Amino acid sequence: DELNLLTCLTAKKLGARGTIARVRNPEYSDQLVAMQDELGLSMTVNPEAAAAQEAYQLLQFPSFLKRDTFAQGRVEIVGVPVEKGSKLCGIPLSKLYEIAKVSVLVCAVQREDGIHVPSGTFTIQEGDTLFVTAGIGSLTTLVRNLGLEEKRVRSLLIIGGSRIALYLARRCLDSGMAVKIIERDHQR
């Protein structure tokens, strides 16, 4: 990490317009933004923290069939299955806000007969998959208000004490999950 940072500083002094430092040490993880500003780095990247963040997001919304992130992680598009007995069965899309109590955009609906780009009059049916886009906070509210929260992960077992495991465990513990890490090397 120190060599990467030193290389970026040297490149900056030699006139490089942009520098990107890979910083992997967990001790630096909380200081990356400050370090980026202080050292004049264009970007810092922590591959292990990024992998842990991706795993954490998957654990947050396990009831969704498909999920993708864009706008630098601020917005997600997810596939929400409409199962038997869902609050959404038989309602027109224009009534979604009344049930979900959150503003989301339904981009597409997958049904047995194909993909539909819905209007407000489109009626949701059992077996549909709604492709919804919104910010992370709105998706969390959507999950809770549609009763999908019961499928949330409450405990996690991680085999191996890697850096990714450490970052993931920290995130999960902060969100209230029970976490157990199994690792042969006691010091690790």
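What comes next is a walk through the structure. Predicted model, so just to flag it, every value in this text is computed and none were measured. Each chain carries its own residue numbering, running from 1 in the direction its sequence is written. With the structure being a predicted model, the display of local features is reserved for residues of pLDDT at least 70 and the display and counting of side-chain atom pairs for 80 or more, all residues being used for whole-chain, interface and lining totals. Excluding hydrogens and water, the side-chain figures rest on all heavy atoms present in the structure.

Looking now at unusual backbone geometry. In this structure, Lys101 is a non-glycine residue whose phi angle is positive, near 60°. Every helix listed is a DSSP run of H or I at least four residues long, and every strand listed is a run of E at least two residues long, numbered separately from the N terminus. Considering the arrangement of structural elements, one finds Lys101 in the loop between α4 (96–100) and β5 (105–111).

Before going further, it helps to examine the pattern of salt bridges. A side chain with one charge may pair with a side chain of the opposite charge, provided their charged atoms come close. The salt bridge criterion pairs a side-chain nitrogen of Lys or Arg with a carboxyl oxygen of Asp or Glu, the two atoms within 4 Å. A complete count under the given rule lists 3 salt bridges for this structure. Note that Lys95 is salt-bridged to Glu98, the shortest N-O span being 3.8 Å. Buried residues are those whose accessible area, probed at 1.4 Å on protein chains only, stays under 20% of the maximum for their type, while exposed residues exceed 50% and partly exposed ones sit between those limits. A relative accessible area of 37% places Lys95 in the partly exposed class. For Glu98, a relative accessible area of 49% corresponds to the partly exposed category.

So, on to the pairing of strand β7 (residues 129–135). Of all 7 residues that make up β7, 6 are buried, and the element is covered over most of its length. Strand direction decides the pairing type here: strand β4 (residues 75–81) and β7, joined by 7 bridges, are antiparallel. Pairing of Gly79 across the sheet is with Phe131, part of β7. Where β5 meets β7, 5 bridges bridge the pair, whose relative direction is antiparallel. From the neighbouring strand, Val109 faces β7, where its bridge partner is Leu130. The pairing criterion for strands is at least two bridges between them, as found by DSSP.

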